[in-house]
Every structure is written in structure tokens, then in C-alpha cells.
Amino acid sequence: GSVPGAGDDVIISSTVIVNLLADRACNSLTFGGSTAATLASGTGGPFKLSITTGNVTRSNSGAHTISCNVELLADGTWSNSSVTNSLTVSGIISGSFSLTKSGLGTIILSNAGNSFGGAGKSISILGGILRFSNDGHLGNASNTITLDGGTLEASATVTIPVARTITLGTSG
């Protein structure tokens with residue numbers, strides 16, 4: 001088979017560790033398997049996956065991990081439909097774009113080097129839980145956070161800087 005490109009939708013549907021051996025791009029990323037899968041940076045890294053739509057979906061029951069760096073090339077929606085298993089993102093998330101969390105499940109951001117977003121950008125939580133344990137996990141300090149049907153959950157004591165605005169949407 002061939003290596004997916006920027007216009008391809010990548011679907012990881014089995015228990016596997018996918019190691020990036022160079023920087024790569026795809027249109028969107030979906031974890032569809034019912035057992036754990038990991039997208040990692042291989043030997044010689046760190047490498048990043050650039051996602052042209054910015055969209056990541058976790059659509060089945062496995063606990064999945066993204067440990068390579070991820071670059072958003074557009075405002076993205078990250079969705080987890082499973083209430084029993086999480087999607088953990090430990091790689092650095094970058095890109096000057098907003099991030100929307102949807103679905104009933106949990107997404108864990110765990111890299112204090114996250115730099116996504118910026119002035120005028122936001123994190124919108126429309127469903128489920130977005131878990132973090134350091135303010136840096138939430139990207140650029142200028143990102144606003146909107147709770148509109150979902151939960152922002154700190155798994156440790158965290159100080160949120162004054163520059164980070166948190167608002168309640170209509171479904172708060």
C-alpha cells in the first residue's frame with residue numbers, strides 16, 4: 001500500500017502502533033477499532049501529523065493514544081463517542097486554529113508544550129469531558145474556552161491565567 005497524503009482520510013481500525021517515520025499530512029484522522037491503538041513518532045523523530053481539516057474522531061470502544069505531534073491546518077472538531085474509553089493526546093498540538101471537543105467521551109490533553117490557537121481562537125466543549133492537568137495543555141494562553149454542553153476537567157490543581165476567558169454557552 002501507499003503512504004496516505006494530505007487529501008486522504010486516515011482510519012486506524014485495529015490494535016496497532018503506527019510510527020511516523022517523517023512528517024506526514026492527512027485530511028482527517030479516525031480511530032475506529034475496538035481495541036487500543038497508538039499513533040506515535042518513530043525513530044529519528046519527533047515527527048508531526050498535519051491534519052488539513054483539523055478533525056480527529058474516536059468512534060469505537062478502544063482507548064487510543066496520539067503521542068506524535070499534531071498540527072492543525074484548520075479549525076478542528078475532535079470527537080470521542082465512547083463514555084468508557086478515552087483518547088489521550090500526549091504529543092504537542094500546534095497550529096493557529098480553534099479546537100472543538102464533541103461526543104460523550106473523554107479526550108485528555110497532556111502536553112504542556114501545546115501551542116494551538118491564539119488571539120481570537122477558542123476551545124469549545126460541546127459534549128463529554130476535556131481533561132487536562134496543566135494550563136499549557138490548553139494551548140495558547142489567549143484561547144478562550146466555551147463550555148456548551150461539555151465539561152472542562154482538571155485532574156490536578158491548576159491555576160488558569162487571567163488572560164484565559166471561560167464562558168458558558170447556551171447548553172453550559
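Per chain, residues are indexed from 1 in the order of the written sequence. Per-residue local features are limited, in this predicted model, to residues with pLDDT of at least 70; the limit for side-chain atom pairs, both in listing and counting, is 80 or more; totals at the level of whole chains, interfaces and linings are taken over all residues. In computing side-chain values, all of the structure's heavy atoms are included and hydrogens and water are not.

Draft legend 1. The arrangement of the side chain of Asn 114 in detail. Its place among the elements puts Asn 114 in the loop between β12 (106-109) and β13 (122-125). Any pair of nitrogen or oxygen atoms within 3.5 Å is treated as a polar contact; in protein, a donor-acceptor pairing is required on top of that, and neighbouring residues in sequence qualify only through side-chain atoms on both sides. A polar contact is formed between the side chain of Asn 114 and the backbone nitrogen of Ile 93, at a distance of 2.8 Å. Whether two residues are in contact is decided by their heavy atoms, any of which lying within 4.5 Å being enough. Setting aside residues no more than four positions away along its own chain, Asn 114 makes contact with Gly 91, Ile 92, Ile 93, Leu 109, Gly 136, His 137, Gly 139 and Asn 140. Numbered from the N terminus, helices here are DSSP runs of H or I no shorter than four residues, and strands are runs of E no shorter than two.

Draft legend 2. Representation of the pairing of β12 in the model. Relative accessibility decides the category of a residue: with a 1.4 Å probe and only protein chains considered, values under 20% of the type maximum give buried, values over 50% give exposed, and everything between is partly exposed. Residues Thr 106 and Ile 108 line one face of β12 and the alternating positions Ile 107 and Leu 109 line the opposite face, and both faces are buried. Relative to β12, strand β9 (residues 87-89) runs parallel, the two sharing 3 bridges. Bridging from a neighbouring strand, Val 89 pairs with Leu 109 of β12. Relative to strand β14 (residues 129-132), β12 runs parallel, the two being bridged by 3 bridges. What sits directly across from Thr 106, in β14, is Ile 129. In short, DSSP must find at least two bridges between two strands for them to pair.

Draft legend 3. A look at the pattern of salt bridges. Note on definitions: salt bridges are taken to be side-chain nitrogens of Lys or Arg within 4 Å of carboxyl oxygens of Asp or Glu. Taken as a whole, this structure holds 3 salt bridges when the rule is applied. Measuring nitrogen to oxygen at the nearest pair gives 3.5 Å for the salt bridge that ties Glu 71 to Lys 48. Placement of the pair is Glu 71 in strand β7 (residues 69-72) and Lys 48 in strand β5 (residues 48-58), with a sequence separation of 23 residues. For Lys 48, a relative accessible area of 29% corresponds to the partly exposed category. Salt-bridge contacts for Arg 164 lead to Asp 135; the nearest nitrogen and oxygen are separated by 2.8 Å.

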